[in-house]
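Residue-level structural notes
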Amino acid sequence: MKKFIGFVKKEFNHIFRDFQTMLILFGIPVAQLLIFGYVVTNELKDIKIAILDQSKDDVTLEISNKIIASGYFIPDQNLRSIEDVDKIFREGNVRLVVIFEPGFAKKLEREHTAKVQLIADASDANTANLIVNYTSGIIYNYINSINGTNEMPLKIIPEVRMVYNEEMKGVYMFVPGTMAMILMLISALMTSVSIVREKEMGTMEVLLVSPLKPGQIILGKVIPYVALAFIDAVVIIALGYWVFGMPVRGSLMLLIAESFLYISMALSLGLFISTVTNNQLAAMFISFFALMLPTLLLSGFIFPIENMPLILQWLSALIPPRWFIVIIKNIMLKGVGFEYVWKETLIIALTMIGFIALSIKKFKIRLE
Amino acid sequence: MRTILYIIQKEFIQIFRNKMMLPFIFVYPLVQLIILVNAATLEMKEIDMVVVDMDFSSLSRELTGKFKGSPFFVIESHTTSIKEAEAKLKSGEADIILHIPQNFEKDLFSTGKAEIQLLADAINATAAGITNAYCSYIIADFNKSVISENRNILPLSLPKSVDIEYSYWYNSELNYKIFMLPGILVILVSIIGMFLSSVNIVREKEMGTIEQINVTPIKKYQFIIGKMVPFWLIAMFELGFGLIIGWILYRVPVEGSLITLFSFTAVYLLALMGLGLFVSTISHRQQQVMFINFFFMLTFILMSGIFTPVESMPDWAVKVNVINPFAYFMRVIRMVMLKGSGFQEIAYEFYAMCIYAVVTLSLSVWKYRKTT
């Protein structure tokens, strides 16, 4: 036992003496949360637009002012003719051109209808869609306000309630997502790289001939990362709670237990990766590119799973972070108990057992 | 010159001796482009809806029918208990509840107004926002058709309306794939340029083989050029390979000139490799260099505008992006590929990258020591 504790201490020393490792352990979670919290948001701001006003009357000026005053847009330049649209889009700054037809106010007065054309640079389809929606919202609002009492007869008023997230905060999505990603990353990447490093440097031989049993070696390698990953989980939840106002509506104990399970699953995956690779670069590649990008994109973290083609939906079912995200969201936001997340928990537990079994089968205590 | 060629030859042999390399160069991009480009879409479909119809009128059935007929919604179930519907929302079986209260039809025709409720699971705020937009569109459309069907019993006064015409240039179908493909290409090219090249040097350090090179008459610059050229070539090749795959799989064309795109990439890669070299001069172990690279790549790629527009980011992030090489490449590759921007339009980015390359390369050559 004493030998074992000594071994665990050695592992901790390896981790703490390294600035780069600490950067990954604690820099990434914090940076990720801040980036997703403040930088990668779907809210529009300071989008540059150009206006081609062929009418230049009170109404068009008023509408232009409303659009600019909304805070989403800033005017870049006024166009003279429709031929310039292509040119300014190619320059790459302006994302929307608003065109008012000639005689706009007059037509609105006489024929009760007038035309606005919105041309969006849709090379970024998602943003273009948002921009057009925002702009048309502003224009419709303005028209409703000048219509005043003369409103629609027979009006169906939809009253919308955003359940679990009244203020539509993006944080409710990215805290679970970041947690799933970071825990996976740290546990799988760090363990696999640290074990493979011993192999690559030849120090694994030294460990194998030591009186420690292979099981103890592996356990000793894994324990520090369990501890550190767990600290990360706490840091992420705390940051989410105090900085971004993400509530914990369900049981904290359950959340912690589920995080432990997930961390163990990720560690067993890391173990498995380390048994099938023999150089650090390979271990890193598998952990980084085979785990990281799919976790980012296929787990439903950024893009909803239901929108994906069917094959990718199946593929995403194979990705444990997907289930972990569901668990965290359910516990933290819906405040439900274990009876609502047992299926997901079972999936993660089975995955873990699978990876451990595979690693035991593949682990060689002798050198070739 | 001959020395450099020999080093390059040696590097190529070493790179391709690693069994991981060939799959990495050919299979990995293919997988990324197939999976990630398809995954990254915000077009909603199959939104599961529970209908709580308490009115049982022809109008309420007609409204439900509108949702059923839209390509975005799937009616998961009908119920008359709002409790039951809420339980479905909680368990995740439903994404949204449409609640039509009693007397919906009667209220509409007697008072001219009627309310309905929509309860959306808004944990994913973006998705909920889009769902909401679809719903209001369908309801407004339904409202219009109800009015025109009942024109005879209504007072004749048309409100003013503005007819908004949309056009989406460069991507009229709002195909998100077209936007994601260049973004994924940036990641692929950058991984080779920065990640592989810097790990390669540190590997020599860690294995001790760098000392063998240090005792040879090879000069500093020759060594660095010899180390860089192979990865530079592989990364350029990777861009071409990715473009061909993009064309075959998604028919994403390069609207602008290939020469512009490749010359920008050439300079970009130099800047990035300078950065990678610099990281490798200050690290001693592969693990360190991988972790530093990993940290910066993850942070800077997310900030580069791969998913969301750069100008909507907070001011400090916009400033950070001035020194973020990925942000320049992300912008230029999309401009050239999707909009056909020419050299004039990307001149600023091009010169910025030239300066970047000069600075990072001279920094790392200065930092690199043949002696330890």
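Residues numbered from 1 in each chain as written. Chains lettered and ligands numbered in written order. Predicted model: local features only at pLDDT ≥ 70, side-chain atom pairs only at ≥ 80, totals over all residues. Heavy atoms only, no water.

**Some remarks on the overall build of chain A**
Helix and strand content of chain A: 14 helices and five strands. For 368 residues, the compact-globule estimate of 2.2 N^0.38 gives 21 Å, and chain A exceeds it by more than 25% at 28 Å. Structurally, chain A occupies a C-alpha span of about 95 × 45 × 40 Å along its principal axes. Buried residues in chain A amount to 56% of all 368 residues. Put simply, 77% of the contacts in chain A that link residues at least 6 apart link residues at least 24 apart. (Helix = DSSP H or I, 4+ residues; strand = E, 2+ residues; numbered from the N terminus. Rg over C-alpha atoms; globule rule 2.2 N^0.38 Å. Buried < 20%, exposed > 50% of the residue type's maximum accessible area, 1.4 Å probe, protein only. Contact = heavy atoms within 4.5 Å.)

**Brief notes about the interface of chain A and chain B**
Taken residue by residue, the interface counts 113 residues in chain A and 107 residues in chain B. With both chains or domains summed, chain A and chain B bury close to 10800 Å², and 65% of this area falls on carbon and sulfur atoms. At the boundary of chain A with chain B, the tally comes to five salt bridges. One can count 23 residue pairs in polar contact (both at pLDDT 80 or more) joining chain A with chain B. Along the lines of polarity and charge, the residues of the side of chain A that touches chain B split into 67 nonpolar, 24 polar and 22 charged. For strand β4 (residues 113-121) of chain A and strand β5 (residues 161-169) of chain B, the ladder comprises nine bridges, and the chain directions are parallel. Bridging across to β5(B), A:L118 finds its partner in B:Y166. (Buried area = accessible area lost by both parts, 1.4 Å probe. Salt bridge = Lys/Arg side-chain N within 4 Å of Asp/Glu carboxyl O. Polar contact = N/O pair within 3.5 Å; in protein donor to acceptor, adjacent residues only side chain to side chain. Nonpolar A, V, L, I, M, F, W, Y, C, P; charged D, E, K, R; others polar. Pairing = 2+ DSSP bridges.)

**Some points on a nonpolar patch on the surface**
Residues and elements named next belong to chain B. Residues F16, L22, F26, V27, L30, V31, I34, F237, I244, W247, I248 and L249 make up a contiguous nonpolar surface patch of roughly 1100 Å² in combined accessible area. Listed by contribution, the elements that provide at least two residues to the nonpolar patch are α2 (21-39) and α9 (220-250). If one sorts the elements of the nonpolar patch by residue count, α2 sits on top with six residues. Structurally, the position occupied by I248 is in helix α9. (Patch = residues over 30% accessible without salt bridge, like charges linked within 9 Å, V, L, I, M, F, W, Y side chains within 5 Å. Areas by Shrake-Rupley, 256 points an atom, 1.4 Å probe, with all protein chains shown as cover.)

**Concerning the sheet that holds β5(B)**
The strand order β2(A)-β1(A)-β3(A)-β4(A)-β5(B) describes an open sheet built from five strands, whose pairing is mixed. Each having just a single partner strand, β2 (73-78) of chain A together with β5 of chain B make up the two edges of the open sheet. Across the sheet, the mean angle separating the axes of adjacent strands is 25 degrees when strand polarity is ignored. Across five bridges, strand β3 (residues 96-100) of chain A lies against β4(A) in antiparallel orientation. By the bridge assignment, A:L96 is partnered in β4(A) with A:A120. Strand contacts of helix α6 (residues 125-147) of chain A: β1 (47-53), β2, β3 and β4 of chain A together with β5 of chain B, with the helix running at about 170 degrees to β5(B), the strand carrying the most contacts. (Axes fitted to C-alpha atoms, helices over the stretch in contact; angles between N-to-C directions.)

**Structural notes on helix α4 (residues 84-91) of chain A**
Of the residues making up α4(A), those classed as buried are A:V85, A:I88 and A:F89. Viewed end-on, α4(A) has its buried residues packed into an arc of 105 degrees, placing them on one side of the element. Against the buried residues of α4(A) lie β1, β2, β3 and β4 of chain A together with β5 and α13 (325-339) of chain B. In the stretch just after α4(A), A:G92 is the one whose phi turns positive, near 95 degrees. (Arc of directions from axis to C-beta.)

**Structural notes on the sheet that holds strand β5 (residues 155-163) of chain A**
Here we have five strands laid out as an open sheet, ordered β5(A)-β4(B)-β3(B)-β1(B)-β2(B), and mixed in their pairing. Only two strands of the sheet have a single neighbouring strand rather than two, namely β5 of chain A together with β2 (73-79) of chain B. Across the sheet, the mean angle separating the axes of adjacent strands is 25 degrees when strand polarity is ignored. As defined by bridge partners, strand β1 (residues 47-53) of chain B adjoins strand β3 (residues 96-100) of chain B across five bridges and the pair is classed as parallel. Residue pairing for β3(B): B:V51 is matched across the bridge by B:L98. Packed onto the sheet, helix α5 (residues 104-111) of chain B meets β5 of chain A together with β3 and β4 (113-121) of chain B and runs at close to 135 degrees relative to β4(B).

**Brief notes about the pairing of β1(B)**
Residues and elements named next belong to chain B. Here β1 lies mainly inside the structure; six of its seven residues are buried. Here β1 pairs with β2 via six bridges, running parallel. Following the sheet pairing, I47 is matched in β2 by F73. Between β1 and its parallel partner β2, the chain crosses via helix α3 (residues 58-69), and the hand of that crossover is right-handed. (Right-handed = clockwise from strand over helix to strand, strands pointing away.)

**Describing the packing of α9(B) against helix α10 (residues 258-281) of chain B**
All names here are of chain B. The contact between α9 and α10 brings their axes to 10 Å, and the two run at 140 degrees. Classified by the angle between their axes, α9 and α10 sit oblique to one another. In the crossing of α9 with α10, the sense of the turn from one axis to the other is right-handed. Two secondary-structure elements touch here, α9 through I224, M228, F231, W232, A235, M236, L239, G240 and L243 and α10 through L258, L261, F262, T265, A266, L269, L270, M273 and L277. When grouped by side-chain class, the residues that make up the contact of α9 with α10 number 16 nonpolar, two polar and no charged. (Parallel < 35°, antiparallel > 145°, perpendicular 65-115°, else oblique. Left-handed = near helix turned anticlockwise from the far one by under 90°.)

**Here we look at the confidence of the model for chain B**
Across chain B, the average pLDDT comes to 85, with 97% of residues at or above 70. Averaged over each element, pLDDT in chain B is lowest for β5(B) (77) and highest for β3(B) (92). (pLDDT = per-residue confidence, 0-100.)

**Here we look at the pairing of β3(B)**
Residues and elements named next belong to chain B. Of all five residues making up β3, five are buried, and the element is well covered by its neighbours. Here β3 shows two buried faces, one formed by I96, L98 and I100 and the other by I97 and H99. As defined by bridge partners, β3 adjoins β4 across four bridges and the pair is classed as antiparallel. When the sheet's bridge partners are listed, H99 is paired in β4 with Q117.

**What about unusual backbone geometry?**
A positive phi is found at A:D46, a non-glycine position, where the angle reads about 50 degrees. Among the structural elements, A:D46 can be located in the loop between α2 (19-39) and β1. The phi dihedral of B:F56 is positive, around 50 degrees, even though this residue is not glycine. Position of B:F56 among the secondary structure elements: in the loop between β1 and α3. Take B:F56: its relative accessible area is 55%, and that puts it in the exposed class.

**Structural notes on the pattern of salt bridges**
Across all of its chains, the model carries 18 salt bridges over all chains by this definition. The partner of A:D121 in a salt bridge is B:K339, with the nearest N and O atoms 2.6 Å apart. One end of the pair, A:D121, is in strand β4; the other, B:K339, is in helix α13, on a second chain. An identical accessibility class is assigned to A:D121 and B:K339; each is buried. Salt bridges sharing common partners tie together B:K10, B:E11, B:E204 and B:K227.

**Side note on the packing of aromatic side chains**
Describing an aromatic ring pair means giving the distance of the ring centres and the angle of the ring planes. Here the structure, examined in full by the defined rule, presents 25 aromatic pairs over all chains. Ring plane angle 85 degrees and centroid distance 5.4 Å describe the contact between A:F174 and A:F244, whose orientation is recorded as edge-to-face. Of the two residues, A:F174 sits in helix α7 (residues 171-201) while A:F244 sits in the loop between α9 (214-242) and α10 (252-276), which places them 70 residues apart along the sequence. A:F244 sits in the buried class, given a relative accessible area of 11%. Aromatic ring contacts, followed pair by pair, group B:F264, B:Y268, B:F329, B:F343, B:F350 and B:Y351 into a single cluster. One cation-aromatic arrangement involves A:R322 over A:W323; the distance from NZ or CZ to the ring centre is 4.5 Å. (Phe/Tyr/Trp six-rings, centres within 6.5 Å; stacked < 30°, edge-to-face > 60°. Lys NZ or Arg CZ within 6 Å of the ring centre and 35° of its normal.)

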